[in-house]
Amino acid sequence: MAKKYITTAIPYMNGDPHIGHAIDYCLGDVCARYYTLRGNEVRLQAGTDEHGNKIFNKAKEVGVSVQEFVDEKTETFKNFIEKLGVSYTDFVRTTDPEHMKRVQEIWKKLEKHIYRAKYQGWYCTGCERFITDKEYEENGGICPDHNKSYERLEEENYYFRISDFKDRILEAITSGEMKILPDFREKEIIKLLKESPDVSVSRPISQLTWGVPIPGDESQVTYVWIDALSNYLTVLGYPDEDISEWWPAAAQFVGKDILRFHAIIWPAMLLGLGLPLPKTIVSHGMILADGQKMSKSVGNVINPIEVVEKYGLDAFRYYFLRHIDTFSDSNFTWQRFSDAYNNELANDLGNLVQRLSTLAMKNNISIEETEYEFTKEYNELMEKFYFSKALDYVWVRIQELNKRIDAEKPWSLAKNGETEKLQKCLKNLISDLLANAKMLEPFLPASSEKIFEIFRGSITSPETPLFPKG
RNA sequence: CGAGGGGUAGAGCAGUCCGGUAGCUCGUUUGGCUCAUAACCAAAAGGUCGUUGGUUCAAAUCCAACCCCCUCAACCA
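Attention in this report is confined to the structure presented alongside it. Please read these numbers as outputs of a predicted model, since none were measured by experiment. Along each chain, residues carry numbers from 1 onward, in the same order as the chain's sequence is written. The lettering of chains begins at A and the numbering of ligands begins at 1, in the order of writing. Totals for whole chains, interfaces and linings use every residue, but because this is a predicted model, local features are given only for residues with pLDDT of at least 70 and side-chain atom pairs only at 80 or more, for both listing and counting. Excluding hydrogens and water, the side-chain figures rest on all heavy atoms present in the structure.

Moving on, we get to the nonpolar core. Generally speaking, soluble globular proteins have nonpolar side chains that are buried together. The criterion is simple. A nonpolar core is a set of buried Ala, Val, Leu, Ile, Met, Phe, Trp, Tyr and Cys residues joined through side-chain atoms within 4.5 Å. When accessible area is computed with a 1.4 Å probe and restricted to protein chains, residues below 20% of their type maximum are described as buried, those above 50% as exposed, and intermediate ones as partly exposed. Within the largest apolar cluster, 97 residues are counted, with the highest numbers of intra-cluster contacts made by Phe320, Tyr378, Phe385, Phe443 and Phe455. The contact criterion used is simple: two residues touch if any of their non-hydrogen atoms lie within 4.5 Å. Not counting the four nearest positions on each side in its chain, phenylalanine 443 is found in contact with Val30, Arg317, Leu321, Tyr378, Met382, Phe387, Ala390 and Leu391. Membership of the second largest hydrophobic core comes to 52 residues, among which are Ile226, Tyr232, Ile264 and Leu273.

This next bit is on the sheet that holds strand E1 (residues 3-7). Taken in spatial order, the 6 strands line up as E3-E2-E1-E14-E15-E9 in an open sheet, and their pairing is parallel. For this open sheet the edge positions go to strand E3 (90-93) and strand E9 (179-181), each flanked by a neighbour on one side alone. Each strand axis lies, on average, 20° off the axis of its neighbour in the sheet, ignoring direction. For two strands to be treated as a pair, DSSP must find no fewer than two bridges joining them. Here a strand is any run of E in DSSP of at least two residues, a helix any run of H or I of at least four, and the numbering for each starts at the N terminus. The pairing of E1 with strand E2 (residues 41-48) spans 5 bridges and is classified as parallel. Of the residues in E2, the one forming a bridge with tyrosine 5 is arginine 43. Note on method: axes are straight lines fitted to C-alpha atoms, helices fitted across the in-contact stretch only, with angles between N-to-C directions ranging 0 to 180 degrees. Sheet contacts for helix H1 (residues 19-37): E1, E2, strand E14 (251-255) and strand E15 (280-284); angle to E2, the most-contacted strand, approximately 165°. Packed onto the sheet, helix H3 (residues 66-83) meets E2 and E3 and runs at close to 155° relative to E3.

Ring pairs are drawn from Phe, Tyr and Trp, using the six-membered ring of Trp, whenever the two centres fall within 6.5 Å, and their geometry is named by plane angle: stacked under 30 degrees, edge-to-face over 60, tilted for the rest. Here the structure, examined in full by the defined rule, presents 34 aromatic pairs. Measuring from centroid to centroid gives 6.1 Å for tyrosine 34 and tyrosine 378, while their planes differ by 70°, and the two rings are edge-to-face. Here tyrosine 34, found in helix H1, pairs with tyrosine 378, found in helix H14 (residues 376-383); they are 344 residues apart in sequence, far enough to count as distant. Summarising the burial analysis for this pair, tyrosine 34 and tyrosine 378 share the class buried. Centre to centre, the rings of tyrosine 311 and tryptophan 334 are 6.4 Å apart; their planes meet at 25°, and the pair counts as stacked. Here tryptophan 334 lies in helix H13 (residues 334-362) and tyrosine 311 lies in helix H11 (residues 304-311), a separation of 23 residues in the sequence. A relative accessible area of 22% places tyrosine 311 in the partly exposed class.

Secondary-structure assignment places leucine 170 in helix H6 (residues 166-175). Considered as a pair, leucine 170 and valine 201 are 31 residues apart in the sequence and their alpha carbons are 22 Å apart. Excluding its chain neighbours within four sequence positions, the residues that come into contact with leucine 170 are Ile190, Leu193 and Lys194.

This part takes up unusual backbone geometry. With an omega of -10°, the peptide bond running from leucine 181 to proline 182 counts as cis. Structurally, proline 182 can be placed in the loop between E9 and helix H7 (183-194). The amide bond that connects tyrosine 238 to the next residue, proline 239, takes the cis arrangement and shows omega of 0°. Even without a glycine there, the phi angle at asparagine 364 is positive, about 50°. With respect to the helices and strands, asparagine 364 occurs in the loop between H13 and H14. Residue class for asparagine 364 comes out exposed when judged on its relative accessible area of 68%. Positive phi outside glycine occurs at lysine 409, with the angle close to 45°. Of the residues examined, lysine 409 reaches a relative accessible area of 38% and is grouped as partly exposed.

This part is about the side chain of arginine 317. Position of arginine 317 relative to the elements: it lies in helix H12 (residues 313-322). In this structure arginine 317 comes out as buried when scored by relative accessible area, which is 0%. What arginine 317 contacts, discounting residues up to four positions off in sequence, is Cys26, Asp29, Val30, Arg33, Leu84, Gly85, Pro442, Phe443 and Pro445.

Turning to the sheet that holds strand E17 (residues 292-293), a few remarks are in order. Spatial ordering of the open sheet is given by E17-E16-E18, a layout of 3 strands whose pairing is mixed. Edge positions in the open sheet fall to E17 and strand E18 (330-332), since each of these has one partner strand only. When strand E16 (residues 287-289) meets E18, the two strands line up parallel, connected through 3 bridges. Residue alanine 289 lies in a different strand from E18, and its bridge partner there is phenylalanine 332.

Any cysteine sulfur atom paired with another within 2.5 Å is treated as part of a disulfide. Applying the stated criterion across every chain, the model contains 0 disulfides. With no disulfide of its own, cysteine 31 lies 13 Å from the sulfur of cysteine 26, the closest cysteine sulfur. Given the relative accessible area of 1%, cysteine 31 is considered buried.

Attention shifts here to the environment of leucine 422. Tracing the backbone through its elements, the reader meets leucine 422 in helix H17 (residues 419-440). As a C-alpha pair, leucine 422 and leucine 359 span 63 residues in sequence and 10.0 Å in three-dimensional space. Excluding residues that lie within four positions of it along the chain, leucine 422 makes contacts with Asn363, Pro410, Leu413 and Ala414.

Turning to the pairing of E14, a few remarks are in order. The buried count for E14 comes to 5 of 5 residues, which makes it a mostly enclosed element. Covered by surrounding structure in E14 are Ala251, Phe253 and Gly255 together with Gln252 and Val254, the residues of both alternating faces. In this structure, E1 lies alongside E14, joined through 2 bridges in parallel fashion. Residue pairing for E14: isoleucine 6 is matched across the bridge by alanine 251. Following the chain from E14 across helix H10 (residues 259-273) to the adjacent parallel E15, one finds a crossover that is right-handed. For crossovers, right-handed means that the path from the first strand over the helix to the second runs clockwise, given strands pointing away from the viewer.

Two side chains that carry opposite charge are able to pair once their charged atoms sit near each other. We define a salt bridge as a contact between a side-chain nitrogen of Lys or Arg and a carboxyl oxygen of Asp or Glu at a distance within 4 Å. Tallying each qualifying case throughout the model produces 30 salt bridges. Put simply, arginine 43 and aspartate 90 hold a salt bridge, and the shortest N to O gap is 2.8 Å. Taken as a pair, arginine 43 in strand E2 and aspartate 90 in strand E3 lie far apart in primary sequence, 47 residues in all. On the basis of relative accessible area, aspartate 90 is assigned to the buried category, the value being 12%. Where aspartate 329 meets lysine 256, a salt bridge forms, and the shortest distance between an N and an O atom there is 2.9 Å. Separated by 73 residues along the polypeptide, aspartate 329 in the loop between H12 and E18 and lysine 256 in the loop between E14 and H10 bring together distant segments of the chain. Taking the relative accessible area as the measure of exposure, aspartate 329 reaches 34% and is therefore partly exposed. The class for lysine 256 is partly exposed, based on a relative accessible area of 28%. One network of salt bridges, with partners in common, ties together Glu98, Lys101, Arg102, Glu105, Asp240 and Glu241.

All quantities given are derived from atomic positions and should not be read as evidence of function.
What follows is the structure, encoded as structure tokens:
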């Protein structure tokens, strides 16, 4: 049995779960369920990124210990993931001692590509961060948030020599060894890669305490990259365990905002460790509310849990996997959501199940259980991660069934006593429905299972509709 | 300045690579059916395909210029 490893991005624990995280999880989950149904052994990783100043400060602000703070946040995220029906198998926290120990080992393995250097730049003591020269000019040398002049500051950091790997990464991308989806993002990355500088991978402990200490240098702490990106490996047990059965990952799902780190710094790290590169990095878009970025200050934030509670988990998954494009930014509006729910889930699919189960019941039809195979077209779309297109494809087939019922008029056959013809007609319709239900399983696991239950053994028409209308 | 995406019926989108008098879903209107969650099926109305120019027998599709919208822009995830 082939093994497939799928990863999702680990959210930073300074905020609460939101729709962007939900999309990432759902995509990973669909992919995992699909591979499982194809007969693969699948591991789906999820996790949390818990180090850094922002978290440290936030905990102080709330007045709890940092560990308490991240423990609680992680629980919140775990609950969130479970409410979305994500079938993850592994969970990693960057504050986990095991992870931290492994990060230090990874650091040591990368040491020949790491050097110490001074960084000089404009710094805001209010923001506690360096700003770019451009930002400095734009703000006229004064921080707009703190109304303070920027200071010229020098800091010594460790740097990771990306330039050691650029050629190799470029080659991997162009040869298809590491595919970046969608194509237009791949183009973007190729351009960015060429001008990518080395990255700073540490901070002096005076600046940052909440992180993984650098082995052999107590004055410095690892900065986000090596700590967070390593999670994909440490959760598998690297470097203590042999991970060759699982690594390279079949697919890594990330938001477009963090693609560059995953397509440049991350591959460089892997090459430095002598590990193969992930087969695919899938970058998804952002979800907009009425064409606008969601933000708390604008007050247009869509809470995924609210959608789930109002319409059900499968409805949420359906909408966000079909009408939110897998790769580009898409809009969410409650109007479009409820249109899709009523027209597609309730009318097209729900009602189809209802009419076929009633017809079968009235005419004493029973169906033998068989294994339903995915069609070639469906597999092609799924393997390319065109999830929204795969759902479109299945939906056309569902709508065709409604047309066929009208064309074949089983109720007339019953009236005319054409029993044999009727039996054949209904059995065909039902088994085609079940074949489609199978292809819906990665997307709508609960509804797919319900459909199979309805048509299993002696067929019963469901008492409550699959997708009730409010 | 730069880079990426986009501008096609009231709305949301496909079609653009490989040119051939525009297609899907929703909405609207009309008709049909009765197995069904007032669901389903059929049909109709509705578009100078961002602008201008070019290539061609023929352009949403190729070329050039321009306009508008969105996103990203280097250690702050």
